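Architecture and fold: a report
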Amino acid sequence: MTRPHPDIDVRPITDPELGDWLRAVNTGFLRAPTVPDSELESRRGQFEPGRYLGAFDSGRCVATFRSFAQQVTAVGGAAVQADAITGVTVTATHRRRGILTRMMAQDLAAAKERGDVVATLIAAEYPIYGRYGFGPATWMAEWAIDVPRTGLDRRRAAPDDGARIDLVDGEDVRKLGPDLHERVRRAQPGAVSRDDMWWKINTGVVRYDPTWTEPFYAVYRSADGEVEGLVAYKSDDNWRDKQPHNTATVHWLIASTPTAERALWHYLCSIDWITRVKSGWRPPDDLLPLYLPDPRAARITAQADWLWVRILDVVRALQARTYAGEGTLILEVADKDGLAGGRYRLEASEEGGSCTPTTASADLTLDVSDLAALWLGDELAERLRTLGRVREERAGAARSADALLRTSRRPWCPDMF
């Protein structure tokens, strides 16, 4: 049994301790520990007192934890306030001492006090976060496109409906990207907000990685001039026997319409010397293969859990989303940390839901981590029942829950944080 070590001080760091904290982050992620002065000054601009936690042993920072304000899109398009967690490390010399548990407890208690509805994170390792009430709420896939096999006519790369695709620079992206992203985010369950720093980091204004090089950026404008798509990508330089074997790697691609999305993928497959396109992180039910004359030209090369969610307020979380039909569901939610447990009555409809605490008999009993996996509509209660993670108190309740909670398209989070 892991026992806490009272001699290790877990607390919010101060501004002068940020350099040591960043060094501990780099150590935990197996990066070069040294933090250049330029990076320290850039990151100091993000510093928010109280939301950077450190664990100190004899004055040395041996574990790190950071959270920041975020919005995540619920089913139906509502923006839900989230406590986004990142920068979580425990130095190898101090594992199994309960340090992460103490940091997580402090942060989630503060998030609950602030009124955050959920907490979110991207899990580097699968087994860690379920014990803190998190569940995998979205998944991602990466595709590789064999360009010669697509069946596309590379001589006809431009849209033929009056729209156009243009190369732009980082300054243009910072002007055009935020508004487009907000339109995309509001329509995509599981998507999260991007602040001004995201756009600066991803266009090179702020550089934490000394090896950063500028990608290519392309914008899709509809026939009436509306910006409907943006893509950032890089290419390698790989020639064999006087033949190109170059790969275009997409860093991110967002589009507000299927027409724009299709056009950007066709553009990437039309670039001279490109024989392979790597898609970057995409939804697991992406339309990408079906945009190609031969869908077999695109194959999944990676698939994994992505955004993890921890419900902090069951009532507000369930009331924030819409549902596939009308019905009543009574949930017994177990939460060993005491943040969101209880019995709740959900009255669901296509317009939204009403959720209230109740003493009526439960239809389903489940852990708060499994409720998180169901919340965005990606997981099935019937699957969890088969696995023994959801217990039916009323026969057929799992199927009834799926009829309400399931979505026609899978949720997706395009971002790493």
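The notes below deal with the structure included here. (Residues numbered from 1 in each chain as written. Predicted model: local features only at pLDDT ≥ 70, side-chain atom pairs only at ≥ 80, totals over all residues. Heavy atoms only, no water.)

1. Some points on empty space enclosed by the protein
Going through the model one piece at a time under the given rule, you end up with two cavities of 30 Å³ or more. Roughly 70 Å³ of volume is contained in the largest cavity. Of all the secondary-structure elements, those providing two or more residues to the lining of the largest cavity are strand S13 (246-255) and strand S14 (274-282). Per element, the largest residue contribution to the lining of the largest cavity is five residues, and it comes from S13. (1 Å grid on protein atoms, 1.4 Å probe; cavity = no way out; pocket = protein on both sides within 12 Å on 5 of 7 lines; lining within 4 Å. Points joined across faces, edges and corners; volume = space filled by probe spheres on them. Helix = DSSP H or I, 4+ residues; strand = E, 2+ residues; numbered from the N terminus.)

2. So, unusual backbone geometry
Most peptide bonds adopt trans geometry, and most residues besides glycine take a negative phi value. In this model, Leu 30 sits at a positive phi of 60°, which is unusual for a non-glycine residue. Mapped onto the secondary structure, Leu 30 falls in the loop between helix H1 (18-28) and helix H2 (37-44). A positive phi angle is found at Ser 58, which is not glycine, with a value near 55°. Note that Ser 58 resides in the loop between strand S2 (52-57) and strand S3 (60-73). With relative accessibility at 76%, the residue Ser 58 sits in the exposed group. (Buried < 20%, exposed > 50% of the residue type's maximum accessible area, 1.4 Å probe, protein only.)

3. Details of the sheet that holds strand S20 (residues 364-367)
Pairing in this open sheet of five strands is mixed, and the strands run S19-S18-S17-S20-S21 from one edge to the other. The sheet is open, and its two edges are formed by strand S19 (352-357) and strand S21 (390-392), each paired on a single side. Averaged over all pairs of adjacent strands, the angle between strand axes in this sheet comes to 25°, irrespective of strand direction. Inspection of the sheet shows strand S17 (residues 327-334) paired to strand S18 (residues 342-349) by seven bridges, in the antiparallel sense. When the sheet's bridge partners are listed, Leu 329 is paired in S18 with Leu 346. Packed on one face of the sheet, helix H8 (residues 368-375) meets S17 and S20 and runs near 100° to S20. (Pairing = 2+ DSSP bridges. Axes fitted to C-alpha atoms, helices over the stretch in contact; angles between N-to-C directions. Contact = heavy atoms within 4.5 Å.)

4. A closer look at the pairing of S18
Relative to S19, S18 runs antiparallel, the two being bridged by six bridges. Bridging across to S19, Leu 346 finds its partner in Cys 355. Between S18 and the antiparallel strand that follows it, S19, lie two residues.

5. Structural notes on the sheet that holds S2
Taking strand neighbours across the sheet as the criterion, the seven strands line up as S1-S2-S3-S4-S5-S16-S6 in an open arrangement whose pairing is mixed. Looking at which strands have only one partner, the edges of the open sheet turn out to be strand S1 (9-12) and strand S6 (134-136). Put simply, the sheet's adjacent strands are angled 25° from each other on average, direction ignored. Alignment of S2 against S3, held across six bridges, turns out to be antiparallel. Paired with Tyr 52 across the bridge in S3 is Arg 66. Sheet strands touched by H1: S2, S3 and strand S4 (79-90). Its angle to S3, the strand with the most contacts, is close to 85°. Where helix H3 (residues 99-114) meets the sheet, its contacts fall on S1, S2, S3, S4, strand S5 (118-122), S6 and strand S16 (307-311), and the angle it forms with S4 comes to roughly 160°.

6. A few points about the nonpolar core
Membership of the largest hydrophobic core comes to 47 residues, with the highest contact counts inside it found for Val 118, Ile 311 and Trp 375. Beyond its immediate chain neighbours, meaning those up to four positions away, Ile 311 contacts Val 117, Val 118, Ala 317, Ala 340, Val 368, Leu 371, Ala 372 and Trp 375. Core analysis: the next-biggest nonpolar cluster, separate from the first, contains 28 residues, Ile 165, Leu 253, Ala 263 and Ala 298 among them. (Core = buried A, V, L, I, M, F, W, Y, C linked by side-chain atoms within 4.5 Å.)

7. Some words on H3
Under the 1.5 Å per step criterion, the end-to-end length of H3 is 23 Å for 16 residues, consistent within 8% with the ideal 22 Å. Once H3 finishes, Gly 115 follows within two positions and takes phi at roughly 100°, a positive value. (Expected span 1.5 Å × (residues − 1).)

8. With respect to the layout of surface pockets
For the second largest pocket, the calculated volume is near 500 Å³. Along the wall of the second largest pocket there are 25 residues; nearest its centre are Ala 187, Gln 188, Ala 255, Glu 261 and Arg 409. If you list the elements that add at least two residues to the lining of the second largest pocket, you get helix H4 (170-186), S13 and helix H6 (258-270). Looking at the lining of the second largest pocket element by element, the count peaks at three residues for S13. Considering only residue class, the lining of the second largest pocket consists of 12 nonpolar, six polar and seven charged. (Nonpolar A, V, L, I, M, F, W, Y, C, P; charged D, E, K, R; others polar.)

9. Let's talk about the pattern of salt bridges
Under the defined criterion, the tally for this structure stands at 33 salt bridges. Between Asp 15 and Arg 44 there is a salt bridge; the shortest N-O distance is 3.0 Å. Within this pair, whereas Asp 15 is found in the loop between S1 and H1, its partner Arg 44 is found in helix H2, the two being separated by 29 residues in sequence. A relative accessible area of 23% places Arg 44 in the partly exposed class. A salt bridge links Asp 83 to Arg 114, with the nearest nitrogen and oxygen atoms 2.9 Å apart. Here Asp 83 is found in strand S4, whereas its partner Arg 114 is found in helix H3, with 31 residues between them in sequence. Overall, Asp 83 belongs to the buried group, its relative accessible area being 0%. By relative accessible area, Arg 114 is classed as partly exposed at 40%. Where salt bridges share partners, they join Arg 51, Asp 83, Arg 114 and Asp 116 into one cluster. (Salt bridge = Lys/Arg side-chain N within 4 Å of Asp/Glu carboxyl O.)

10. A closer look at the packing of aromatic side chains
Following the criterion strictly, the structure yields 12 aromatic pairs and no others. With a centroid separation of 6.1 Å and an interplanar angle of 70°, the aromatic rings of Tyr 233 and Tyr 267 are classed as edge-to-face. With Tyr 233 in strand S10 (residues 227-235) and Tyr 267 in helix H6, this pair connects stretches of sequence that are 34 residues apart. For the pair formed by Tyr 233 and Tyr 267, the shared burial category is buried. (Phe/Tyr/Trp six-rings, centres within 6.5 Å; stacked < 30°, edge-to-face > 60°.)

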